[in-house]
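Summary of structural features
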Amino acid sequence: MIRKVIPKSRSEHFRPTNCDPNVMHVALRSVRSLKRLIPPAVRRNGRRAWEALSHPWQRFWFEPADPTPLAVMRILFGGMLLYTHLVWGLNLEGFFGPEGWQGTTLVRALQADQFAWSFWWWTPQALHLTVHLLCLLILALFMLGAFTPVTSVLAYLITISYSSRAPMANYGLDQINGLAALYLAIGPSGQALSIDRFRRRFRAAREQLADGLAIFVPPVQASSRANLALRLMQVHLCVIYVFACLSKLQGESWWNGTAIWQAVANLEYQSRDVTWLAWYPWLVNLLTHATIAWEMTFWALVWRPMLRPFVLLVGTAIHLGIGAFMGMWTFGLAVIFAYVAFLPGKQMSAILCRAVQGIGRILRSYNLAPGSAASTRARAAWFALGLDTNSDAAPAAEPLLPVPGEVSTAGKTPLPAVAEVAAPTESRSLASQSVPAEAAASPGRRKVLPARPSLLLVEGRVKRQADVQEYFLKHGFRCHVASELHQARSMLSVIDFDALVVTASWFPEDELVAFHDGLIGGGSSLPASVFLVGGGHGQTPHHFEETPRHRVLLGSLSLRELRLLVLEVLGLTEESLRPLAARHARSKNGHRPAIAPDSTPKVEPIPQPPALDVPNLSSGNGSPP
Amino acid sequence: MSPDRPPLSVTASALRSRVLPFIRRWRRPAGFVLVNVWLVYHLAAIVLAPWSVPPASRLVQNAWRAVGAYDQILFLNHGYHYFAPEPGNSTLVAYVLEMPDGSQQTGRIPNRDIRPRLLYHRHFMLTESLASDDLSPSVRTELIRAMARELCREHHARRVTLSRVTHRLPSMEFVRAGGALDDPESYTEEPLGTFSSDEL
């Protein structure tokens, strides 16, 4: 018998006398010991293989996404659920009464071996109307986005309760309603376009107005949960179409091309006479085959960005046809509402913001905007609705920040075209922002300070991020942080930044150059930039083009030098930001600032900041610590 | 530790020193793993629900058993067989009501005058259920009795006679030859029985 000899140093990990009494701790140490037995090359390749599998999966399901499509779906499906349940209520006793169309005995027998459930089973008949009205109220609140974390779950429970209690009166509409309600309950559907959000913005704006501060309402947060809900909706739609197609292929009429005729010639479904199709059998055949081809390929083509609009437009046409010719408007519209999950959140958000700002402009032109004499509540409501077109509180300029602690994206994506990066809606003139007189032109902002220049810092080291961010905040900037270039690209596409500072140099040089060139090519619509890359002090690398708005430096800079460089590319002076820097200092000390427009706050002395050392780009030690 | 604070028991001390740090450390990864496990299970559930609709292999039907309860609880157990395998004939229910005064009223479910259209479709789905192959004879009988009971309740009738009406779909040739969609010959009637409100 061969006995494996375990070296003493290793075996000690397994010896109970020397082990930590915590069993889990022992197990972990054992696993670590076992890991050492695996050759490093195998471990490395295994990790690579695992990352190759897991990173796309995580990116697909958990990459933080704009919750706006989810919010639009909440409004649309909320309206649909409200209407559907209003119609149930037209014959409440008929459908849900113990002696109705589907009496208790019948449904109990039908669902004898099922786990289907409904609160109607526990609702006394005398309370049916009260419960129904309560359900309608909850659905209305859900549609409007009030108390959404609670009402979204309740809306889902209501939807499945009604459907499960009346299973024989269900059809496709109830299935789509059910799954949409489920995914809207999973995702943060009240994060945007909701009363919840309005209340959050209103509170923030009111507090800031009361403090005499510049309005900056809380931003919409990109969320992994939003992405998960949208992805589930998308995948579920694909599953539906795959099986709808496969089940159709079991029937002869879908093969011989007459199925569409049979659908539209059904008098009980028909809402519009289309029997003229009988004289065009080739058209009937074509429509039948096209329907099958579309359903068969939906799951594959809808993921291609170029084909997605076409696929969704065809789907919209088919379901509008179902509504117009077969009278199933509710079903057709519900499916079209579900397509919103495929629409790009950023563009949708930008369009909605522009629409709201347009309304704001119209109201302003009719002098309906609250002036400085108006109450704080009115002015806060004006800002909270996003109607203010001049302020940085306007939704178009809202930062879309990943939720802290959310799963970060892994892997790098290729640099998009300049036009793609240049998504910000309008280029804002920073000079105009920094002039108090310009800011005072807005009636709602007369007593507030000029807007802070917004900065995007691209830096992967957490401690360095904190240092630089703190320093710039202290000196009157708004500073957002991106750890990766692709993250910076995402943020640039939704937020108007004034300047971008790249202090991390482990990015591949070609990617960094392409990113830099993209910024220069974007013109004034993209922010000015300062790139610190590895090398000797004060030199300009050869691969980078330099312009007055886009500076590139080799070597290390102190934070003060970096700040002065940023001010230089922005065309600003230290003086212009002093009030903001002073305000920051006072806020930090816990004193409420009482800023008057003509006050000249004293600026505290700026401490000598630590130097930023930038590792050499060509040395190859590019991984963040 | 403040002097007025009672000393921690051994269990609480162990909880604070070992268990809580362990939970804090593994909470996020464990949550992430759990979410991924649920996600895979959910995806399996939404695929197996329509896949297990007959005709389905024994493998798929057995696999569905693992997700069936989840599908049913979350109302995800659907086949998505829209107009499949093919758009078929319509099934309606014709009724003759005997009122307490001896008069008679006739009608058909669904009545095309029902508004809004969604309510009409709800009624149509009820009668379409009669043509479903999934219903056992006892459930079908109970469904017919429930219809009779509801008709008597709605119209305050003494007795009701029900018959199942099948409306066959016309062919393109039939329409081209001048046939109408509501041609009387396209309807077939099958008596379902007469029911008295007292015995229902």
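In this report, the structure presented in the accompanying data block is examined. (Residues numbered from 1 in each chain as written. Chains lettered and ligands numbered in written order. Predicted model: local features only at pLDDT ≥ 70, side-chain atom pairs only at ≥ 80, totals over all residues.)

1. A closer look at helix α25 (residues 559-570) of chain A
Residue and element names in this part refer to chain A. Here α25 is twelve residues long and its end C-alpha atoms lie 16 Å apart, about the 16 Å a rise of 1.5 Å per residue gives. All buried positions along α25 are accounted for by L559, L562, R563, V566, V569 and L570. One side of α25 holds all its buried residues, which, seen down the axis, span an arc of 125°. Looking one or two places after α25, you find G571, whose phi comes out positive at around 70°. (Helix = DSSP H or I, 4+ residues; strand = E, 2+ residues; numbered from the N terminus. Expected span 1.5 Å × (residues − 1). Buried ≥ 20, exposed ≤ 12 C-beta atoms within 10 Å, placed from the backbone. Arc of directions from axis to C-beta.)

2. What about the sheet that holds strand β7 (residues 550-554) of chain A?
All names here are of chain A. Taken in spatial order, the five strands of this open sheet run β4-β3-β5-β6-β7, and their pairing is parallel. The open sheet has two edge strands, β4 (478-482) and β7, and neither has a second partner. Neighbouring strand axes in the sheet, compared pairwise and without regard to direction, differ in orientation by 15° on average. Of the pairings in the sheet, the one linking strand β3 (residues 454-458) to β4 comprises five bridges and is parallel in character. Across the sheet, L455 pairs through a bridge with C479, a residue of β4. Packing of helix α22 (residues 462-474) onto the sheet brings it into contact with β3 and β4, and relative to β4 it is tilted by some 160°. (Pairing = 2+ DSSP bridges. Axes fitted to C-alpha atoms, helices over the stretch in contact; angles between N-to-C directions. Contact = placed C-beta atoms within 7 Å.)

3. Quick notes on the interface of chain A and chain B
Size of an interface: often given as the accessible area lost when the parts come together. Taken together, the contact between chain A and chain B spans 62 residues of the former and 52 residues of the latter. Taken together, the elements giving at least two residues each to the side of chain A that touches chain B come down to α4 (68-88), α6 (104-110), α8 (148-165), α9 (172-186), α11 (224-248), α12 (252-256), α13 (259-264) and α16 (329-338) of chain A. With eight residues, the top contributor of residues to the side of chain A that touches chain B is α11(A). When grouped by side-chain class, the residues that make up the side of chain A that touches chain B number 33 nonpolar, 25 polar and four charged. (Nonpolar A, V, L, I, M, F, W, Y, C, P; charged D, E, K, R; others polar.)

4. Regarding the sheet that holds strand β3 (residues 159-167) of chain B
Residue and element names in this part refer to chain B. Taken in spatial order, the four strands line up as β2-β1-β3-β4 in an open sheet, and their pairing is antiparallel. At either end of the open sheet lies a strand with only one pairing partner, and these are β2 (104-109) and β4 (187-196). If you compare each strand with its neighbour and ignore which way they point, the axes differ by 20° on average. For strand β1 (residues 90-98) and β3, the ladder comprises nine bridges, and the chain directions are antiparallel.

5. Quick look at the environment of A:S576
Residues and elements named next belong to chain A. Here S576 lies in helix α26 (residues 574-588). The buried category is assigned to S576, around which 20 C-beta atoms lie within 10 Å. Measuring from C-alpha to C-alpha, the distance between S576 and G476 comes to 9.2 Å, with 100 residues separating the pair along the chain.

6. So, the nonpolar core
Residues and elements named next belong to chain A. Counting residues in each nonpolar core, the largest one holds 109 residues, and the members touching the most others are A229 and A338. Considering every element that reaches this core, the biggest residue donor is α11, with twelve residues. Excluding its chain neighbours within four sequence positions, the residues that come into contact with A338 are I176, A180, M233 and L237. Listed in part, the 39 residues of the second largest apolar core include L455, L485, L526 and L554. (Core = buried A, V, L, I, M, F, W, Y, C linked by C-beta atoms within 7 Å.)

7. Concerning unusual backbone geometry
Residue and element names in this part refer to chain B. The linkage connecting I109 with the following residue, P110, adopts the cis geometry, with an omega of 0°. Locating P110 in the fold gives a position in the loop between β2 and α3 (117-129). Between R115 and P116 the backbone carries a cis peptide bond, its omega angle lying at 0°. Note that P116 resides in the loop between β2 and α3. The backbone of Y80 shows a phi angle near 55°, a positive value even though the residue is not glycine. As for its position among the elements, Y80 is in the loop between α2 (58-73) and β1. Located in the positive-phi region is H156, a residue other than glycine, with phi close to 55°. Of note, H156 is situated in the loop between α4 (137-155) and β3.

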